[in-house]
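Structure at a glance
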Amino acid sequence: MQTINRFLYGPTPEERVRAWQTKLRAESRQLDREMRQLDMATSKARQSVKQLAAKGDVKSAKILAREVVRSNKQKDRLSVSKARLGSIGTQLSQQMAMIKVTGSLQKSTEIMKLSNALIKLPQISQTMREMSMEMTKAGIMEEMLDETLDMDEDEELEEEADAEVDKVLFELTNGKLGEAGSVGTDLPSSQDKIEDEETERNMEKYREQLNGLLSG
């Protein structure tokens, strides 16, 4: 009988909620993986910033420090998004309890607000769009307007990163950034050149890693 009902009417409200909760847990685990990758790449980049500043290459240090700042802000966004996924899961658990009382799913402005915010995150945008459409059909939320979803936050990230670069450099060099500019005034030796080339290669590698993670 259940198979016939599912064929005629589709999944039950309980089945829909469980399917959404499974998707939310999967996306949450994916965000955890991305945050761990950011941590590893950022840790290596921070060490390179210290090396560059100590050598007096403040220009390169600032370039890489900007990537560190951006990655920190990206991790904050991922952390907030993971918390929002958890909040939607909690709201759906409440929906499950209400099904037993009312027999149907209830409209939720909170789920709609959280979903609207999560759709802006590239890493989970597609999944959240699909879930939002399913929830709209199920009566949990109203259809969202696309113009509320197309906010470009990259410019804001860049502006904030520029404003904080010096602060990060000060922290990473233990307050010695001012001294870094006068370091290394002597002519570089062959060994210095080899080390500089190695540092430059590492800097470019870390920048590529961080940019890849930040672009989602």
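Refer to the structure presented above.
Residues numbered from 1 in each chain as written. Predicted model: local features only at pLDDT ≥ 70, side-chain atom pairs only at ≥ 80, totals over all residues. Heavy atoms only, no water.

1. Re the overall build of the protein
If you tally the helices and strands in the protein, you get eight helices and zero strands. In sequence order, the secondary structure elements of the protein are arranged as α-α-α-α-α-α-α-α. Going through the 216 residues of the protein one by one, you find that 36% of them count as buried. Long-range contacts, defined as pairs at least 24 residues apart, comprise 82% of the intrachain contacts of the protein with a sequence gap of at least 6. Counting every atom, the protein has about 13,000 Å² of accessible surface; 49% of that belongs to carbon and sulfur. (Helix = DSSP H or I, 4+ residues; strand = E, 2+ residues; numbered from the N terminus. Buried < 20%, exposed > 50% of the residue type's maximum accessible area, 1.4 Å probe, protein only. Contact = heavy atoms within 4.5 Å. Areas by Shrake-Rupley, 256 points an atom, 1.4 Å probe, with all protein chains shown as cover.)

2. Quick look at the packing of helix α3 (residues 58-102) against helix α4 (residues 109-118)
Where α3 contacts α4, the two axes come as close as 10 Å, and the packing angle between them is 155 degrees. When the axes of α3 and α4 are compared, the pair comes out roughly antiparallel. Crossing of α3 over α4 shows left-handed handedness. Of the residues in α4, those touching α3 at Ser81, Arg84, Leu85, Ser87, Ile88, Gln91 and Leu92 are Glu110, Ile111, Leu114, Ser115, Ala117 and Leu118. Looking at the contact of α3 with α4, its residues break down into seven nonpolar, four polar and two charged. (Axes fitted to C-alpha atoms, helices over the stretch in contact; angles between N-to-C directions. Parallel < 35°, antiparallel > 145°, perpendicular 65-115°, else oblique. Left-handed = near helix turned anticlockwise from the far one by under 90°. Nonpolar A, V, L, I, M, F, W, Y, C, P; charged D, E, K, R; others polar.)

3. What about the pattern of salt bridges?
Going through the model one piece at a time under the given rule, you end up with six salt bridges. A salt bridge links Lys82 to Asp32; its shortest N-O distance comes to 2.9 Å. Of this pair, Lys82 sits in helix α3 while Asp32 sits in helix α2 (residues 13-55), and the two are 50 residues apart along the sequence. Given a relative accessible area of 31%, Lys82 falls into the partly exposed group. Lys113 is the salt-bridge partner of Glu110, the closest N and O atoms lying 3.5 Å from each other. Of the two residues, Glu110 and Lys113 both sit in helix α4, three residues apart, roughly one turn of that helix. When its relative accessible area of 29% is taken as the criterion, Glu110 is described as partly exposed. The exposure class of Lys113 is exposed, given its relative accessible area of 53%. (Salt bridge = Lys/Arg side-chain N within 4 Å of Asp/Glu carboxyl O.)

4. Some thoughts on α2
Across its 43 residues, α2 extends 63 Å between first and last C-alpha, which sits within 8% of the 63 Å expected from 1.5 Å per residue. Gly56, located one to two residues past α2, shows a positive phi value of around 90 degrees. (Expected span 1.5 Å × (residues − 1).)

5. Some remarks on the nonpolar core
A general trend in soluble globular proteins is that nonpolar side chains are found buried together. In terms of nonpolar packing, the biggest core is built from 25 residues, with Trp20, Ile88, Leu92, Met128 and Met135 touching the most fellow members. Residues within four places of Leu92 in sequence aside, it is in contact with Val17, Trp20, Gln21, Leu24, Ile111, Met135 and Ile140. In this structure, Leu52, Val68, Val165 and Val168 belong to the second largest nonpolar core, which totals 13 residues. (Core = buried A, V, L, I, M, F, W, Y, C linked by side-chain atoms within 4.5 Å.)

6. Things to note about a positive patch on the surface
Together, Arg25, Arg29, Arg33 and Arg36 make up a region of like positive charge exposed at the surface. Mapped onto the elements, Arg36 comes out in helix α2. (Patch = residues over 30% accessible without salt bridge, like charges linked within 9 Å, V, L, I, M, F, W, Y side chains within 5 Å. Lys, Arg positive; Asp, Glu negative; His and termini not counted. Charge placed at Lys NZ, Arg CZ, Asp CG, Glu CD.)

7. Things to note about the packing of α2 against α3
With their axes 8 Å apart at the nearest point, α2 and α3 run at an angle of 165 degrees to one another. By the angle class used here, α2 and α3 are roughly antiparallel. Once α2 is placed against α3, the crossing between them reads as left-handed. Among the residues making up the contact of α2 with α3, the classes are represented as 21 nonpolar, 12 polar and nine charged.

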